[in-house]
Amino acid sequence: MKILVIGGGGREHAIIQKLREDPRAETIYALPGNGGIAADAICLGGSATDIPGALAAAKQYAVDFVVVAPDDPLVLGMADALEAEGFPCFGPRKNAAILEGSKAFSKDLMKKYNIPTAAYETFSDPEKALAYVDACPLPTVVKADGLALGKGVLICETREAAKNAVRSMMEDKIFGESGAKVVIEEFLTGPEVSVLSFTDGETIVPMVSSMDHKRALDGDQGLNTGGMGTVAPNPYYTAAVAAECMETIFLPTIRAMKAEGRPFRGCLYFGLMLTPDGPKVIEYNCRFGDPETQVVLPLLEGSLLEIMLAVSQGRLAETEVRFSGKSACCVILASKGYPQKYDKGFPITLPETSENEHIYIAGAAEKNRQLVTSGGRVLGAAAVAEGLEKAVEAAYALADRIHFDNAYCRRDIGRRALEARDNG
Ligand code: AMP
Ligand code: GLY
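Now for a look at the structure at hand.

Quick word on the overall build of the chain
On a plain count of helices and strands, the chain comes out with 13 helices and 25 strands. What you see for the chain is a C-alpha radius of gyration of 21 Å, in line with the 22 Å of a compact globule of 424 residues. Across the 424 residues that make up the chain, the buried fraction comes to 55%. Long-range contacts, defined here as pairs at least 24 residues apart, represent 69% of the contacts in the chain between residues at least 6 apart. Summing over all exposed atoms, the chain offers an accessible surface of approximately 17500 Å²; the carbon and sulfur share of this is 49%. The centroid of the 44 positive side-chain charges in the chain is displaced by 2 Å from the centroid of its 56 negative side-chain charges.

Encoded structure:
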């Protein structure tokens, strides 16, 4: 089979490496791909949001299957466009991707179907939003309705901060039209868990749980980033919590989407908070998480391609999805200064890897046959081992064998998870 993967980050590299394990995956194209992905796929360049470009590539290379990995092309309707031209896709259609594309939509869906989430109000009039903020409980959470590169959520301790958030989103339009509407919601507390799932709209199969580390600095300090590391499984996500989530969140969500005439086919990502009142949905994403994928897929046994085909053909119920009982950790090596200003263009030296080690390239380009840094998050060093402690050790041992100037990583990925495991 010829497979086209849309996207060009660490997540896509992990997907491509896993797809390649199936002997049916004869040729994999990546659009755009990146300098590191080029070792595992034919990189086409271009832009992941270019729908006509993706269609043209699918035709030119006569691909049999397309995996649309990032949120923005899905929300724009890339899967619809490809399927309309006869290219089967892994990834939800536009009318289901709205679960991530509009927070107002997802909140209203949860309210209508009694799916536990933070209490909220939606506003499209800045005056009303400002009046609400004058009296709401603090802290409060102000969210841009649409996609905002993961930056559209502001936790506000004071009324002044909440008003500034409302004004910057609704009046100054710092996220463009994504902030034309805002959701203002109750501040929740508790450990966060990411659960990715496969679903064909009828059947839902959760993958192994994971924990992201979003802040730039050790001890969860510093600015929010796209993710500085992950571990799987997440020790807070016990079998009892998993059973409760299946009953109160996962099944109700796919049933709700079906009932609304928006069956969700693809990877549905549940961002959960385990609050004192039980698990609640913080957000839905319509795609694999980054860098969650980099710890979840190495634990998947069997063929990712087979599962993705089954999802797109509506036969997930008959397909085996199995995870090894091992643990995984991924440490992101970033450019010093990320998520703000950083230099790029530094040569990267990669070591040999063993079967249990994976290097997923996110922000690197090839220049004169040399891999050089080209982004804030440069790559992920991931390792699989028996137990979380060994996985964390192995991921850092791998990270420490990778070199480029100005490399920065958090040194405490997995620490909180290990403490949770030891305390509970
Ligand atoms: P999101 O982009 O929706 O994932 O939000 C980013 C982060 O903001 C989440 O991972 C949470 O840590 C935090 N967050 C979002 N909503 C809430 C909430 N209602 N209460 C507390 N923290 C939240
Ligand atoms: N790691 C969070 C996300 O992919 O949105």
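What about the site of ligand 1?
Taken together, 15 residues form the shell around ligand 1, and within it Glu 185, Glu 186, Leu 188, Glu 192 and Glu 283 come nearest. Within the contact set of ligand 1, a nitrogen atom lies 3.0 Å away from a side-chain nitrogen or oxygen of Lys 143. A distance of 2.8 Å separates an oxygen atom of ligand 1 from a polar atom in the side chain of Glu 283. Burial of ligand 1 by the protein amounts to 89% of the accessible area it has alone, namely 480 Å². Tallied by class, the residues present in the shell around ligand 1 amount to eight nonpolar, no polar and seven charged.

What to know about helix H6 (residues 103-112)
Along H6, seven of the 10 residues are buried, which leaves the element largely enclosed by surrounding structure. Every buried residue of H6 is accounted for by Lys 103, Ala 104, Phe 105, Ser 106, Lys 107, Leu 109 and Met 110.

A few points about the sheet that holds strand S17 (residues 278-285)
With antiparallel pairing, the four strands of this open sheet are ordered in space as S11-S10-S16-S17. Of all the strands in the sheet, just strand S11 (204-206) and S17 have a single pairing partner and so form its edges. The mean angle between the axes of side-by-side strands here comes to 35°, regardless of whether they run parallel or antiparallel. Against the sheet, helix H9 (residues 239-259) engages strand S10 (192-199), S11, strand S16 (266-275) and S17, with an angle of about 130° to S16.

Brief notes about a negative patch on the surface
On the surface, Asp 125, Glu 127, Glu 171 and Asp 172 cluster together to form a negatively charged patch. On the secondary structure map, Glu 171 appears in helix H8 (residues 159-171).

Description of the packing of helix H12 (residues 388-399) against helix H13 (residues 415-423)
Running from amino to carboxyl end, H12 crosses H13 at an angle of 165°, the nearest separation of the two axes being 10 Å. Our classification of the angle between H12 and H13 gives roughly antiparallel. Crossing hand, H12 versus H13: left-handed. Side by side, H12 and H13 meet where Leu 388, Glu 389 and Val 392 of the first sit next to Ala 417, Leu 418 and Arg 421 of the second. Partitioned by chemical class, the residues of the contact of H12 with H13 number four nonpolar, no polar and two charged.

Some details on the site of ligand 2
Surrounding ligand 2, one finds Asp 212, Tyr 269, Asn 285, Arg 287, Gly 289, Asp 290 and Glu 292. The side chain of Arg 287 places a nitrogen or oxygen atom 2.9 Å from an oxygen atom of ligand 2. Asp 290 places a polar main-chain atom, nitrogen or oxygen, 2.9 Å from an oxygen atom of ligand 2. Burial of ligand 2 by the surrounding chains reaches 88%, relative to a free accessible area of 200 Å².

Basis of the calculations
- Residues numbered from 1 in each chain as written.
- Chains lettered and ligands numbered in written order.
- Predicted model: local features only at pLDDT ≥ 70, side-chain atom pairs only at ≥ 80, totals over all residues.
- Heavy atoms only, no water.
- Helix = DSSP H or I, 4+ residues; strand = E, 2+ residues; numbered from the N terminus.
- Rg over C-alpha atoms; globule rule 2.2 N^0.38 Å.
- Buried < 20%, exposed > 50% of the residue type's maximum accessible area, 1.4 Å probe, protein only.
- Contact = heavy atoms within 4.5 Å.
- Areas by Shrake-Rupley, 256 points an atom, 1.4 Å probe, with all protein chains shown as cover.
- Lys, Arg positive; Asp, Glu negative; His and termini not counted.
- Charge placed at Lys NZ, Arg CZ, Asp CG, Glu CD.
- Near = heavy atom within 4 Å.
- Polar contact = N/O pair within 3.5 Å; in protein donor to acceptor, adjacent residues only side chain to side chain.
- Nonpolar A, V, L, I, M, F, W, Y, C, P; charged D, E, K, R; others polar.
- Pairing = 2+ DSSP bridges.
- Axes fitted to C-alpha atoms, helices over the stretch in contact; angles between N-to-C directions.
- Patch = residues over 30% accessible without salt bridge, like charges linked within 9 Å, V, L, I, M, F, W, Y side chains within 5 Å.
- Salt bridge = Lys/Arg side-chain N within 4 Å of Asp/Glu carboxyl O.
- Parallel < 35°, antiparallel > 145°, perpendicular 65-115°, else oblique.
- Left-handed = near helix turned anticlockwise from the far one by under 90°.

These results come straight from atomic positions and should not be treated as a statement about function.
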